[in-house]
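# Overview (structure and organization)
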Amino acid sequence: MAIKRLLSLGIVAVLCAVTATGLASPAVAAQHPALTPTPQLAVPDTSLSPTPYQGWNTYFGLGGDYTSAQVLSVADFLVSSGLAKAGYDIVWLDGGWQDAVPRGTDGILRGDSTRFADGMASLAAAIHAKGLKAGIYTDAGPYMPGHCGLGSGGHYQTDADTFASWGYDAVKVDFLCGISANLDPKTAFTDFANALRHNSSGRPMIFNLCNPVTSPDWGNYPESQQSTNTWTYAPQIAESWRTYTDVGFVHDIKYSDILRNFDANARHPEVAGPGHWNDPDYLGPELGTSDEEFRSQMALWSISAAPLVIGSDPRAFSKTTLDTLTNPDVLRIDQDPLGKQAVRVGPAGAQETWVKPLADDSVAVALVNRGAAPAEIATTAEAIGVKAQRLSVKDAWTHAVTEAKADVRSEVPAHGVALLIVSKAKGAPETPRLLAGAPLVTAIDGVSIAPTGNLLAPAGSRLSISVTVSNDGTTPVQSPVASLQAPAGWTASPTTTLPDGILPGRTATANFELTVAVGAPTGNSAVTASVRFPGRDSAGVTVVSAPLTVTLAPAVSSGSDQPLSHQPWVSATSGWMQPAIDESVGGGNPIAVAGTIHPTGLGVASPSDIRYYVGGTCTSLTGTVGIDDVVNNVGPEGGTASFSIVADGKTLWDSGTVVRGTAVTFNVDLSGARDLVLHVGDGGDGGYNDRADWADPLISCT
């Protein structure tokens, strides 16, 4: 991942200056020693960011070759769209603003004279004229062409004075040249903080300390040089500090990487608070995640009391994205003046509960579903620290307020986060908290299956569906009516209905038959259940479930010993590279395992899942797995993986850990299987140099 990130920034020569241990070569380090020997305390000004700051950054959306006109166009949109009113008021330039030779003969940094013809001070003034703040970027290391776009090493006070005189309100300080020059980050960042605090204009400036270096993402760096160590010194010198590497790549942000950064950011909640914040990196709407997954990122960042900085270009955002970014209850949680960061209560796992105390004695509760299917997640009043027999529960997404007894439950979508504000209920009972479970498919074309909320099926299928409804409130739910919402052309008919009333603590079930349209297109379709019942006032209450995902896919064609690599897959993931058909991942090389070349197969980078619909018509799958011989060209590190074949959620075969130079064969019985997944894990080495092959996978179907 480090190599790809550096290449994406145009930083190629850095690889030549890095030794096998990942540190700068002695020659490079000798040219650029640490600039001052002893770090001094530079306490941040709490008033600069009493709550986590918000804004927009050029990095993901505009890349590294942006212009002042583009920046001001986005600034105008922040104002016109309501994003600025919602708090996103810093317009932050990332790397790319500088001239090809960043520092003039006078020793002063300068912007690109073509793209910023009126100068950097003029741009800051134009941003201020729109009622916004301006942010800028540099690096803590000395400028080393090919390693970073610009560097402030040796010029900390000059650059701090320059940014202040230009009128900037915030400075992001990266560490690309810092790590290439083998600087001590604590020393370098502390010196820069001192320069910012004592700039010649006396201008207050937010300091975002950005050390993105991690292992193994960047190489084998000692802990002291990684972002995971920044918490030990950054709270004393900065308004925010990065706690892990980038949350993703341009147009390639994954839910798994959002969770990775969230988890790293959650390690030290005790050091965050008013004026100084853990920073898990930018928000990345519409850069590879679904709407649900971005809502999850927004929820996780908010309970983390994290700075909310948009990394995408907002000018093309959908209404759904804008609504998520400006949701007042979600922002209230992030901006709560108490400044507490959420902690997990209960065990870690696929489903988790996180709690953030709020200043008004309520608590924000995030029920996190890391899994690929909807899941019911529950916690108790005692666990979340609310001492009450009746709980008032506000859904931050819908703003609906309901009343629960001692338990708080939600049916959470796949890759979703239920975000709730829970407090002690007072006065007359509120609307009872009713849960509608995600629809579960219990039979296909009359054949019973294990109930599932993530179904793979062909168009024209007839599905039996069950919906469980639970009353978690303190009063009965009267006259509930359940219905299904499905894509146009699909037909849903109830086969059973809900009872006239559901008492507190009781459940009921509604059943339906759903027929998928014969001509329905392949891909994912959502089916939700809703339950409507009379509320406490004249308006009725409608509760909507998490979705059932029905994935429509073409079936594998009939025949014996067909190359599976030539059949259409339903979905495919492959680390940070695309899966390759009949080639090693990355392209250009035949599939080769343990010295043998195979004419057909699938080349992937771990972790990987390739999914097929086999519809109960296939009998066997044979082939060979292993690490492609191409890894021998890239070094001895890593190069291990694990392979497994999963049918209908059950593992049929597992290779265990496979090392380079080893071929492992398989012969699996697929009788009755409908949903087939070829899974590759990283073998425990973090995915480094894993180039995994499914060589000559042959499938037989009737």
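This one's a predicted model, so the numbers in the text were calculated from it and none came from an experiment.

Taken in spatial order, the six strands of this open sheet run β11-β12-β13-β18-β15-β16, and their pairing is antiparallel. This sheet does not close on itself; its edge strands, each paired only once, are β11 (343-345) and β16 (401-404). Adjacent strand axes in the sheet meet at a mean angle of 35° when their direction is disregarded. Pairing analysis gives six bridges linking strand β13 (residues 363-369) to strand β18 (residues 417-424), with the strands arranged antiparallel. Bridge pairing in β18 places L367 opposite A418. Of the strands in this sheet, β12 (351-357), β13 and β18 touch helix α10 (residues 291-303), which is tilted by about 40° from β18.

In this section: the state of the cysteines. Structurally, a disulfide amounts to a covalent bond that connects the sulfur atoms of two cysteines. Following the criterion strictly, the structure yields two disulfides and no others. The connectivity of the disulfides in the protein chain is 1-2, 3-4, where the numbers refer to bonded cysteines in sequence order. The closest cysteine sulfur to the non-disulfide-bonded C210 is located on C148, 13 Å from its own sulfur. Under the relative-accessibility criterion, C210 is labelled buried at 1%.

For the rest of this paragraph, the subject is the pairing of strand β40 (residues 640-647). Among the eight residues of β40, seven are classified as buried, and the element is accordingly described as predominantly covered. Strand direction decides the pairing type here: β40 and strand β41 (residues 650-659), joined by seven bridges, are antiparallel. Following the sheet pairing, A641 is matched in β41 by V658. As consecutive antiparallel partners, β40 and β41 are separated by two residues, and within that stretch D648 has a phi angle of approximately 55°, a positive value. For β40 and strand β43 (residues 675-681), the ladder comprises six bridges, and the chain directions are antiparallel. When the sheet's bridge partners are listed, S644 is paired in β43 with H679.

Our focus in this paragraph is the sheet that holds β41. The five strands are arranged β33-β38-β43-β40-β41 in an open sheet whose pairing can be described as antiparallel. This sheet does not close on itself; its edge strands, each paired only once, are β33 (571-574) and β41. Strand-to-strand, the axes of this sheet are offset by a mean angle of 10°, without reference to chain direction.

Another aspect to go through is helix α9 (residues 255-265). Burial within α9 is extensive, with nine of its 11 residues counted as buried. Those residues of α9 that fall on the buried side of the exposure criterion are Y255, D257, I258, L259, R260, N261, F262, A264 and N265. Summarising the contacts, the buried residues of α9 are in contact with β9 (277-279), α10, β12 and β13.

Looking now at the environment of G135. Within the secondary structure, G135 sits in strand β5 (residues 133-139). In contact with G135, other than residues within four places in its own chain, are I90, V91, W92, L93, Y168 and A170.

Structurally, the position occupied by R242 is in strand β8 (residues 240-242). Looking at R242, the relative accessible area reads 2%, which means it is buried. Within polar-contact distance, the side chain of R242 engages the backbone oxygen of Y244 at 3.3 Å. A distance of 3.3 Å separates a polar atom in the side chain of R242 from the backbone oxygen of T245.

Attention now moves to the packing of aromatic side chains. Overall, the coordinates contain 16 aromatic pairs when judged by the stated rule. Ring centres of F192 and F207 lie 6.3 Å apart, and the angle between their planes is 25°; this geometry places the pair in the stacked category. In this pair, F192 sits in helix α8 (residues 185-197) while F207 sits in strand β7 (residues 206-209), placing the two residues 15 residues apart along the sequence. For the pair formed by F192 and F207, the shared burial category is buried. Lying across the ring of Y59, K172 places its NZ or CZ 5.7 Å from the centre.

Scored by pLDDT, the protein chain has a mean of 91; 93% of the residues are at 70 or more. Note that pLDDT drops below 50 for residues 1-39; the model gives that stretch 80 contacts with residues more than four away or on any other chain.

Before going further, it helps to spend a moment on the pattern of salt bridges. Pairing is possible between side chains of opposite charge, provided their charged atoms come close. In this structure the tally under the stated criterion is 26 salt bridges. Among the ionic pairs, D252 bridges to K254, the shortest N-O distance being 3.0 Å. A residue is classified by how much of its surface remains accessible, and K254, at 27% relative accessible area, is partly exposed. Of the charged contacts, one joins E352 and R370 as a salt bridge, the two residues approaching to 2.9 Å between their closest N and O atoms. Here E352 is found in strand β12, whereas its partner R370 is found in the loop between β13 and β14 (375-380), with 18 residues between them in sequence. For E352, a relative accessible area of 4% corresponds to the buried category. A cluster of three or more residues bridged by salt bridges with shared partners is formed by D65, D112 and R115.

Cut-off values and rules
- Residues numbered from 1 in each chain as written.
- Predicted model: local features only at pLDDT ≥ 70, side-chain atom pairs only at ≥ 80, totals over all residues.
- Heavy atoms only, no water.
- Pairing = 2+ DSSP bridges.
- Helix = DSSP H or I, 4+ residues; strand = E, 2+ residues; numbered from the N terminus.
- Axes fitted to C-alpha atoms, helices over the stretch in contact; angles between N-to-C directions.
- Contact = heavy atoms within 4.5 Å.
- Disulfide = S-S within 2.5 Å.
- Buried < 20%, exposed > 50% of the residue type's maximum accessible area, 1.4 Å probe, protein only.
- Polar contact = N/O pair within 3.5 Å; in protein donor to acceptor, adjacent residues only side chain to side chain.
- Phe/Tyr/Trp six-rings, centres within 6.5 Å; stacked < 30°, edge-to-face > 60°.
- Lys NZ or Arg CZ within 6 Å of the ring centre and 35° of its normal.
- pLDDT = per-residue confidence, 0-100.
- Salt bridge = Lys/Arg side-chain N within 4 Å of Asp/Glu carboxyl O.

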